[in-house]
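Chain by chain, the residues:
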Amino acid sequence: MFKIRKVDRTNNKGAFFTGEYRNVFKEYGYSETEIEAKVKDTWQQLFFGDEDIRFYHPVSDDMGYITDTGNNDVRTEGMSYGMMMAVQMDEKELFDRLWKWTKTYMWHDSGKYKGYFAWSCALDGSRNAQGPAPDGEEYFAMALLFASNRWGDGAEPFNYSEQAKDILHEVIHKGEDGGEGDPLWDPDNKLIKFVPECYFTDPSYHLPHFYELFSHLGNQEDRQFWSEAAEASRVYLRKACHPVTGLSAEYAHYDGSPEKTKGHQHFYSDSYRVAMNIGLDYEWFRADEWQKEEANKIQNFFANKEDYTKYTLNGRELVRPDYLHNVALIAANAMAALAGDGEAAKKSVDKFWNTPLRRDKRRYYDNCLYFFSLLALSGNYRIW
């Protein structure tokens, strides 16, 4: 087990230290048999099921992609999510298919985005955009490091640890010494950006539990940076989340205030992931007891709501958008139970358990969060 530097808590019970992962479903009375069956069946439906439910598509003999079904494209978000799901499920062939497609079509081998990934491609691999979305890079790096530890490195591009370390180098050193391009983390405050050229962030991109692991598994010379980035993100989330409701904006400034010029200053789809990220960080590291308070605030806010809409951060309901991601919100709120406790936590988990996968055109985002929550609450979202 790796020696922690920045996180140093007496009698820490996080899974990183103990190697033990909570099975919240079991704690709330569900049987191991039905939990295991639900995980396996959900995986099968999402990756190999009928056309109205799955989002994974194999290509030729050795590649595959995950479709954002609502936009009919392939995104680094979905590809990196799929890789993380695959390594957690011990599905190496599928992992390699996704990674090879990603490297073939999304990866930049030159220019100001060298080492980054184009965030959106058409289904044939042609690029809809050139720039990166930093949540893709952080998930790619973490999934690759887990793959290296679980399966071992192979020949390029399946030399997983080297590929991950290359990504981790670029995201913080891009543009140094007069080089071309911009880093994905602000070098001064060590907070992840929304895109490399901007100076604000997305609260749901903040994954301090990943950064703690990067500080142990990443490039030796950058380990202190990642340790400090983990602490910076935990402090930042306290600023970005409303002190009463627990809600956060989709985009926000480095001081935590909502970024209003882009129209994403309210609690909506991106924001849902903050609850799941806080839950997983608490499960793995338990470095910040505020996360328990935050999880309880979010779960209590939604505890008695049967229908959802878009909200201001203080909880005022806004005009209902044309489409909602209710299943994603239910899943994310349930995953916060890894940190939360009490009646609202159990209610959120029970509601999630009884919620089916989404089957319509907008199912991709909802079902991604659904499967992550299912893994986490069953004790199967693990550090490898």
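Residues numbered from 1 in each chain as written. Predicted model: local features only at pLDDT ≥ 70, side-chain atom pairs only at ≥ 80, totals over all residues. Heavy atoms only, no water.

## Side note on the pairing of strand β1 (residues 56-59)
Across a regular strand the side chains alternate sides, sitting on one face of the sheet and then on the other.
Argument step 1. Where β1 and strand β2 (residues 63-66) come together, four bridges link them in antiparallel fashion. Directly across from tyrosine 56, in β2, lies its bridge partner isoleucine 66.
Argument step 2. In sequence, β1 turns back onto β2 through a hairpin of three residues, with serine 60 there showing a positive phi of about 55 degrees. (Pairing = 2+ DSSP bridges. Helix = DSSP H or I, 4+ residues; strand = E, 2+ residues; numbered from the N terminus.)

## What about the state of the cysteines?
Argument step 1. Under the criterion given, the structure shown has zero disulfides.
Argument step 2. You can see cysteine 121 has no disulfide; the closest cysteine sulfur is in cysteine 368, sitting 16 Å from it. (Disulfide = S-S within 2.5 Å.)

## Notes on the packing of helix α10 (residues 273-284) against helix α12 (residues 326-335)
Argument step 1. It is at 7 Å that the axes of α10 and α12 come closest, and there the two elements cross at 25 degrees. Between α10 and α12, the interaxial angle falls into the category roughly parallel. Judged by the twist between their axes, the crossing of α10 over α12 is left-handed. When α10 is examined against α12, the residues Ala275, Met276, Gly279 and Leu280 are found in contact with a partner set consisting of Ala332, Asn333 and Met335.
Argument step 2. Each residue belonging to the contact of α10 with α12 can be placed in one class, and the counts come to five nonpolar, two polar and no charged. (Axes fitted to C-alpha atoms, helices over the stretch in contact; angles between N-to-C directions. Parallel < 35°, antiparallel > 145°, perpendicular 65-115°, else oblique. Left-handed = near helix turned anticlockwise from the far one by under 90°. Contact = heavy atoms within 4.5 Å. Nonpolar A, V, L, I, M, F, W, Y, C, P; charged D, E, K, R; others polar.)

## Considering the side chain of asparagine 23
Argument step 1. In this structure, asparagine 23 sits in the loop between α1 (15-18) and α2 (24-27).
Argument step 2. On the basis of relative accessible area, asparagine 23 is assigned to the buried category, the value being 18%.
Argument step 3. Polar contacts involving the side chain of asparagine 23 include one to the main-chain amide nitrogen of lysine 26, which spans 3.0 Å.
Argument step 4. Once residues within four sequence positions are removed from consideration, asparagine 23 is found in contact with Ile35, Leu377, Ser378 and Gly379. (Buried < 20%, exposed > 50% of the residue type's maximum accessible area, 1.4 Å probe, protein only. Polar contact = N/O pair within 3.5 Å; in protein donor to acceptor, adjacent residues only side chain to side chain.)

## Digging into unusual backbone geometry
Argument step 1. Omega for the bond connecting glutamate 156 with proline 157 falls within 30 degrees of zero, at 10 degrees, which places this linkage in the cis form.
Argument step 2. Position of proline 157 relative to the elements: it lies in the loop between α6 (134-151) and α7 (160-173).
Argument step 3. One non-glycine residue, serine 60, adopts positive backbone phi at about 55 degrees.
Argument step 4. The residue serine 60 is located in the loop between β1 and β2 in this model.
Argument step 5. Judged by relative accessible area, which is 52%, serine 60 ranks as exposed.

## Focus on the packing of aromatic side chains
Argument step 1. This structure, assessed with the given rule, holds 50 aromatic pairs.
Argument step 2. Consider the rings of phenylalanine 267 and tyrosine 272, whose centres lie 5.3 Å apart with planes at 40 degrees: the pair is tilted.
Argument step 3. Geometrically, the ring pair formed by phenylalanine 301 and phenylalanine 302 is edge-to-face, given 4.8 Å between the ring centres and 85 degrees between the ring planes. Each member of the pair, phenylalanine 301 as well as phenylalanine 302, carries the same accessibility label: buried. (Phe/Tyr/Trp six-rings, centres within 6.5 Å; stacked < 30°, edge-to-face > 60°.)

## As for a negative patch on the surface
Argument step 1. Residues Asp153, Glu156, Glu162 and Asp166 make up a contiguous surface patch of negative charge.
Argument step 2. Following the sequence through the fold, glutamate 156 ends up in the loop between α6 and α7. (Patch = residues over 30% accessible without salt bridge, like charges linked within 9 Å, V, L, I, M, F, W, Y side chains within 5 Å. Areas by Shrake-Rupley, 256 points an atom, 1.4 Å probe, with all protein chains shown as cover. Salt bridge = Lys/Arg side-chain N within 4 Å of Asp/Glu carboxyl O. Lys, Arg positive; Asp, Glu negative; His and termini not counted. Charge placed at Lys NZ, Arg CZ, Asp CG, Glu CD.)

## Observations concerning the environment of glycine 70
Argument step 1. Summarising the element assignment, glycine 70 is placed in the loop between β2 and β3 (74-75).
Argument step 2. Taking the C-alpha atoms as reference points, glycine 70 and lysine 361, separated by 291 residues in sequence, lie 5.2 Å from one another.
Argument step 3. Leave out the neighbours within four places in its chain, and glycine 70 touches Lys361 and Arg362.

## Structural notes on the packing of α10 against helix α11 (residues 290-302)
Argument step 1. At a closest axis distance of 10 Å, the pairing of α10 and α11 adopts a crossing angle of 145 degrees. Like other packed secondary-structure pairs, α10 and α11 cross with a definite hand, here left-handed. Residues Ala275, Ile278, Asp281 and Tyr282 of α10 touch α11, and the partners they reach there are Trp290, Gln291, Lys292, Glu294 and Ile298.
Argument step 2. For the contact of α10 with α11, the residue count by class is five nonpolar, one polar and three charged.

Read these as geometric descriptors, not functional statements.
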